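Residues per chain, in single letters:
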Amino acid sequence: MARTSTSSAEPLRDFCREILKEEAVLRQGGGKAGLERQRKLGRLPARERVAHLLDKDAQFFEIGLWAAYKMYQEWGNIVAAGTVAGIGNVAAVPCMIIANDATVKAGAFFPATVKKLLRAQRIAFECSLPIIYLVDSSGVFLPMQDEIFPDDDDFGRIFRNNSVISAAGVPQFAAIMGNCVAGGAYLPVLCDKILMTEGSGLYLAGPSLVKAAIGQVVDQEELGGAKMHSEISGTVDFYEKSDESCLKRLRSLISLLPEATGAKAKIDNKAFKPAKVPDLLYDLVSLDGQKNYDARDLLSSVVDANSIDEYKADYGKTLVTAYARIAGRAVGIVASQRLQVRTKKEGIQMGGVIYSDSADKAARFVMDCNQDGLPIIFFQDVTGFMVGRDAEQSGIIRSGAKLVNAVSNSVVPKITVVVGGSFGAGNYALCGKAYDPRFIVAWPSARYAVMGAAQASDTVFSILARARERGDKKASHEELEELRKKVKASYEEQTDIRYGAARGWVDAIIQPDETRDVLIQLLQYVSRPMPKAHFHTGVIQV
């Protein structure tokens, strides 16, 4: 089907190209100097390590590429929080891979690094994915230790998770391929199997700190080198000469897992096609979020052709709920409807707004999907719940609470795609980050905030203007207008999806035309059985 280009699609296309260019730069890590330093040490850069590890032509779903984006500029450019994380097939087994990028501040842990790693661990645990850690880190970034070290969602949580994940029976493999110092040394030792390359270091305190603490003079190899740990301490399971041999060994170990030998046949994606080509999505949705569109047109470029069975199509029309298939897999879908609609009971309803009847319908649909064991995919382009006298009298709070309750207690896998606006309680009701989606991804056109920039600035202006009318003369009309502009500019900056991605609010920014392919990938991951926890210790090195 030929794509028909329209002028309204060009701003979104241009911005998507800009995002791709920025992502290409992010994937360069610490840049040329960092890559050269890594090679001089005889080590592969993080992304090359991941490439060596993955199966040939395997897809890699990257998580947190935008982590730490423009967050720590006083310390430099902390690209992707100094870590590469994502899911890909190793020996035909989907694995979570977490690789420190030593070209970025020697792989040091910043607050966003910890958050990214914890998110990756959580995804792996909930999807029962084996985890492979490629360790090459100098440890905690000491100038920010108070934001990294002490809290319950900080550095120590990583090792707590190692222990719980191991006890639940989810395999963990660690390959020390550079530095692994101080508290970070616990990570590999809490894993099932440890590999270590020649020239790497594993110790609680480096030579300088040992000398300062106890006056002992010792070199790195004697203190914590690969040979020492493989021959004397017995901490390391596999001593490897090089990165290449280490990664080859890792692949061999993964291939021993039961699921590798009994790997299911891959889904033949060619046997299933959407009704419309994915490229048409650029014509459908605008960058500024002002263009209305039918959610069914969006779905027709994502799900299999002729597979949609819409649930309560004529009721609660500002949310589209439907059963469908993606590459043959059955799913439930809850999607924001951006068209203005007319209902028998309520009359005209605005697109992108959740009304009482829409919330009631979606809550029941979520319960039905749980009854049938169907994964649910949420497509967010929502401005929030309806407000005003009529909405309040219709029980909007009660209906909204019903939907939030159903989503909160849902036990089937949930995946969220943020297409446009994700504002206010609409973010919550349609499975925002706080409601445990297994994965949450966003288009470049996505925007996150408690409300839109224009609404926020107008609200602040109105409150202060009324106060001034009541006699509060602290600010002139001109000063209020200037404040309005500042609030709007601040909101516009913070609603940029790159701002949210930097803070871990989404796992990845994806291109609109890749939505179907990404969902096919993610549905394979979330279909794995959840680990069943029972009390016993994980692997303890002796």
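Residues numbered from 1 in each chain as written. Predicted model: local features only at pLDDT ≥ 70, side-chain atom pairs only at ≥ 80, totals over all residues. Heavy atoms only, no water.

1. What about the overall build of the protein?
Step number 1: Across its full length, the protein holds 21 helices and 20 strands.
Step number 2: Counting all 542 residues of the protein, 53% fall into the buried class. (Helix = DSSP H or I, 4+ residues; strand = E, 2+ residues; numbered from the N terminus. Buried < 20%, exposed > 50% of the residue type's maximum accessible area, 1.4 Å probe, protein only.)

2. Re the side chain of aspartate 294
Step number 1: Mapped onto the fold, aspartate 294 is located in the loop between helix H12 (281-284) and helix H13 (295-300).
Step number 2: Separated by 3.0 Å, the side chains of aspartate 294 and glutamine 337 make a polar contact. (Polar contact = N/O pair within 3.5 Å; in protein donor to acceptor, adjacent residues only side chain to side chain.)

3. Thoughts on the environment of alanine 81
Step number 1: Structurally, the position occupied by alanine 81 is in the loop between strand E1 (60-62) and strand E2 (83-90).
Step number 2: On the basis of relative accessible area, alanine 81 is assigned to the buried category, the value being 0%.
Step number 3: The spatial distance from the C-alpha of alanine 81 to the C-alpha of lysine 116 is 7.7 Å, given a sequence separation of 35 residues.
Step number 4: Those residues in contact with alanine 81 that sit more than four places away from it in its chain are Ala67, Ala68, Ala112, Thr113 and Lys116. (Contact = heavy atoms within 4.5 Å.)

4. A look at the pattern of salt bridges
Step number 1: Across all of its chains, the model carries 29 salt bridges by this definition.
Step number 2: Residue arginine 13 is joined to glutamate 10 by a salt bridge in which the shortest nitrogen-to-oxygen separation is 3.9 Å. With arginine 13 and glutamate 10 both in helix H1 (residues 10-26), this residue pair falls three residues apart, about one helical turn.
Step number 3: With its nearest N and O atoms 2.7 Å apart, the salt bridge here joins glutamate 62 to arginine 47. Within this pair, whereas glutamate 62 is found in strand E1, its partner arginine 47 is found in helix H3 (residues 46-53), the two being separated by 15 residues in sequence.
Step number 4: Classification of arginine 47 by relative accessible area gives partly exposed; the value is 23%.
Step number 5: Taken together, the salt bridges that share partners define one network made up of Glu10, Arg13, Asp279 and Asp283. (Salt bridge = Lys/Arg side-chain N within 4 Å of Asp/Glu carboxyl O.)

5. Here we look at the side chain of lysine 414
Step number 1: The topology assignment puts lysine 414 in strand E17 (residues 414-423).
Step number 2: Buried and unpaired, lysine 414 has no salt bridge, with aspartate 436 as the nearest side chain of opposite charge at 5.6 Å.
Step number 3: Looking at lysine 414, its side chain comes within polar contact range of the main-chain oxygen of tyrosine 435, at 2.8 Å.
Step number 4: Ignoring anything within four residues of it in the chain, the contact list for lysine 414 reads Ile376, Phe378, Val407, Cys431, Tyr435, Asp436, Pro437, Arg438 and Phe439. (Lys, Arg positive; Asp, Glu negative; His and termini not counted.)

6. Some remarks on the pairing of strand E18 (residues 439-442)
Step number 1: By the alternation rule, side chains of E18 split into Phe439 and Val441 and Ile440 and Ala442, which are all buried.
Step number 2: In terms of handedness, the path from E17 via helix H17 (residues 424-429) over to E18 forms a crossover that is right-handed.
Step number 3: Where E18 meets strand E20 (residues 508-509), two bridges bridge the pair, whose relative direction is parallel. Residue pairing across strands places alanine 442 opposite isoleucine 509, the latter belonging to E20. (Right-handed = clockwise from strand over helix to strand, strands pointing away. Pairing = 2+ DSSP bridges.)

7. Details of the pairing of E2
Step number 1: The element E2 is extensively covered by neighbouring structure, given that eight of its eight residues are classed as buried.
Step number 2: Of the two faces of E2, the one carrying Thr83, Ala85, Ile87 and Asn89 and the one carrying Val84, Gly86, Gly88 and Val90 are both buried.
Step number 3: As defined by bridge partners, E1 adjoins E2 across three bridges and the pair is classed as antiparallel. In the strand pairing of E2, phenylalanine 60 is matched with glycine 88.
Step number 4: Pairing geometry for E2 and strand E3 (residues 93-100), over eight bridges, is antiparallel.

8. Focus: the packing of H3 against helix H10 (residues 243-254)
Step number 1: Running from N to C, H3 and H10 cross one another at 40°; their axes reach a closest spacing of 9 Å. Between H3 and H10, the interaxial angle falls into the category oblique. The two elements H3 and H10 meet at a crossing, and its hand is right-handed. Where H3 approaches H10, its residues Arg49, His52 and Leu53 are matched on the opposing element by Asp243, Glu244, Leu247, Leu250 and Arg251. (Axes fitted to C-alpha atoms, helices over the stretch in contact; angles between N-to-C directions. Parallel < 35°, antiparallel > 145°, perpendicular 65-115°, else oblique. Left-handed = near helix turned anticlockwise from the far one by under 90°.)

9. Brief notes about the packing of aromatic side chains
Step number 1: Summed over the entire model, instances satisfying the criterion amount to 15 aromatic pairs.
Step number 2: With centroids separated by 5.7 Å and ring planes inclined at 90°, the aromatic side chains of phenylalanine 61 and phenylalanine 439 adopt a geometry described as edge-to-face. Placement of phenylalanine 61 in strand E1 and of phenylalanine 439 in strand E18 is noted, with a sequence separation of 378 residues between them. With respect to class, phenylalanine 61 is no different from phenylalanine 439; both count as buried.
Step number 3: Judged by centre distance (5.3 Å) and plane angle (35°), the rings of tyrosine 72 and phenylalanine 110 are tilted. On the criterion of sequence distance, the pair formed by tyrosine 72 in the loop between E1 and E2 and phenylalanine 110 in the loop between E3 and helix H4 (111-126) is long-range, its members being 38 residues apart. (Phe/Tyr/Trp six-rings, centres within 6.5 Å; stacked < 30°, edge-to-face > 60°.)

10. Observations regarding helix H5 (residues 155-167)
The periodicity of an α-helix, 3.6 residues per turn, causes residues three or four positions apart to be oriented the same way.
Step number 1: Of all the residues in H5, the buried ones are Phe155, Ile158, Phe159, Asn161, Asn162, Ile165, Ser166 and Ala167.
Step number 2: Structurally, H5 contributes buried residues whose contacts are with H4, strand E4 (131-137), strand E5 (172-181) and helix H6 (186-189).
Step number 3: A positive phi of about 90° marks glycine 169, the residue just after H5.

11. Digging into the packing of H4 against H5
Step number 1: Between H4 and H5, whose axes approach to 9 Å, the crossing angle comes to 15°. If you check the angle between H4 and H5, you find them roughly parallel. Considering how the two elements wind past one another, H4 and H5 form a crossing that is left-handed. Along the contact surface, H4 presents Val114, Leu117, Leu118, Gln121 and Phe125, while H5 presents Phe155, Arg157, Ile158, Asn161, Asn162, Val164 and Ile165.
Step number 2: Of the residues belonging to the contact of H4 with H5, the class tally is eight nonpolar, three polar and one charged. (Nonpolar A, V, L, I, M, F, W, Y, C, P; charged D, E, K, R; others polar.)

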